[in-house]
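In case you want the letters, here they are:
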Amino acid sequence: QVQFVESGGGLVQPGGSLRLSCVASGGIFSIYAMGWYRQAPGKQRELVAVISSDTSGSIVRYVDSVKGRFTISRDTTKNTLYLQMNSLKPEDTAVYYCNVGGHPFDPWGQGTQVTVAS
């Protein structure tokens, strides 16, 4: 069974930075593109960053709202996905989840809360 364990969230002031981590188990990490999703209160979950598998060149893509500020990366030796978030804005406040990019698996992890406020 797949399992996702996210960590690294917290409270940060506008303009600050955070680095999220996600350990994925269940034998999927090296096979699939992986992504970071977020869900803000009252909004649908959205995919904000995705990275293809190592064998597919680790190609990255971002939603326009985070381009130039967020960086997704993966360490296949550790089954770990990262999201470096810089220049954070209040609108980045959400629960952040990792999962397979574009075709998420159930169950989702518990997510990690990111709150950007002064």
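Each remark here, short or long, concerns the structure printed above.
Residues numbered from 1 in each chain as written. Predicted model: local features only at pLDDT ≥ 70, side-chain atom pairs only at ≥ 80, totals over all residues. Heavy atoms only, no water.

Undergrad: Where do I start with the nonpolar core in this structure?
TA: Trp36, Leu81, Leu83, Met85 and Tyr96 are the most contacted members of the largest nonpolar core, which has 29 residues in total. The set of elements that each furnish at least two residues to this core consists of β3 (18–25), β4 (34–39), β5 (46–51), β7 (70–75), β8 (80–85), β9 (94–100) and β10 (112–116). Leaving out residues up to four positions away in the same chain, Leu81 has contacts with Leu20, Ser21, Cys22, Phe29, Met34, Gly35, Trp36, Ile51, Ile72, Ser73, Arg74 and Cys98. (Core = buried A, V, L, I, M, F, W, Y, C linked by side-chain atoms within 4.5 Å. Buried < 20%, exposed > 50% of the residue type's maximum accessible area, 1.4 Å probe, protein only. Helix = DSSP H or I, 4+ residues; strand = E, 2+ residues; numbered from the N terminus. Contact = heavy atoms within 4.5 Å.)

Undergrad: Explain the packing of aromatic side chains to me, please; I cannot follow it from the model alone.
TA: Aromatic ring pairs: the centre-centre distance and the angle between the two ring planes describe each pair. Taken as a whole, this structure holds three aromatic pairs when the rule is applied. Ring centres of Tyr37 and Trp108 lie 5.0 Å apart, and the angle between their planes is 85 degrees; on these two criteria the pair is classed as edge-to-face. With Tyr37 in strand β4 and Trp108 in the loop between β9 and β10, the pair connects residues that are 71 residues apart, well separated along the chain. Judged by relative accessible area, which is 6%, Tyr37 ranks as buried. Ring centres of Tyr97 and Trp108 lie 5.8 Å apart, and the angle between their planes is 80 degrees; on these two criteria the pair is classed as edge-to-face. (Phe/Tyr/Trp six-rings, centres within 6.5 Å; stacked < 30°, edge-to-face > 60°.)

Undergrad: Is there a simple way to explain the pairing of β5 in this structure?
TA: Each regular strand shows side chains that alternate between the opposite faces of the sheet. Relative to β5, β4 runs antiparallel, the two sharing five bridges. When the bridges of β5 are listed, Arg38 appears paired with Glu46. Hairpin connection between β4 and β5: a loop of six residues separates the two successive antiparallel strands, and Gly42 in this loop has a positive phi of roughly 75 degrees. The pairing of β5 with strand β6 (residues 60–62) spans three bridges and is classified as antiparallel. Paired with Val50 across the two strands is Arg61, which belongs to β6. (Pairing = 2+ DSSP bridges.)

Undergrad: How should I be thinking about the side chain of Ser52 in this particular structure?
TA: Among the structural elements, Ser52 can be located in the loop between β5 and β6. At 2.7 Å, the side chain of Ser52 and the backbone nitrogen of Ile59 are in polar contact. When sequence neighbours within four positions are dropped, the list of residues in contact with Ser52 reads Ala33, Gly57, Ser58, Ile59 and Arg74. (Polar contact = N/O pair within 3.5 Å; in protein donor to acceptor, adjacent residues only side chain to side chain.)

Undergrad: Any chance you could explain unusual backbone geometry here in plain terms?
TA: Residues other than glycine predominantly adopt negative phi, and peptide bonds predominantly adopt the trans conformation. A cis geometry characterises the amide bond from Asp106 onward to Pro107, with omega recorded as 0 degrees. By the secondary structure assignment, Pro107 is in the loop between β9 and β10. If you check the backbone angles, Asn79 has positive phi at about 50 degrees while not being a glycine. Topologically, Asn79 is positioned in the loop between β7 and β8. For Asn79, a relative accessible area of 32% gives the class partly exposed.

Undergrad: Just to check I follow, could you spell out the state of the cysteines for this structure?
TA: Simply put, the disulfide is a covalent bond whose two ends are the sulfur atoms of two cysteines. Considering all chains together, one arrives at one disulfide under this definition. Sulfur-sulfur distance for the disulfide between Cys22 and Cys98 comes to 1.7 Å. Within this pair, whereas Cys22 is found in strand β3, its partner Cys98 is found in strand β9, the two being separated by 76 residues in sequence. Exposure class is identical for Cys22 and Cys98. Each is buried. (Disulfide = S-S within 2.5 Å.)

Undergrad: How do you make sense of the pairing of β7 when you look at a structure like this?
TA: Residue alternation in β7 divides its side chains into a buried set, Phe70, Ile72 and Arg74, and an unburied set, Thr71, Ser73 and Asp75. Across six bridges, the pairing between β7 and β8 is antiparallel. Along β8, the bridge assignment pairs Asp75 with Thr80. Taken together, β7 and the strand that follows it, β8, pair antiparallel across an intervening segment of four residues, in which Asn79 is found at a positive phi of about 50 degrees.

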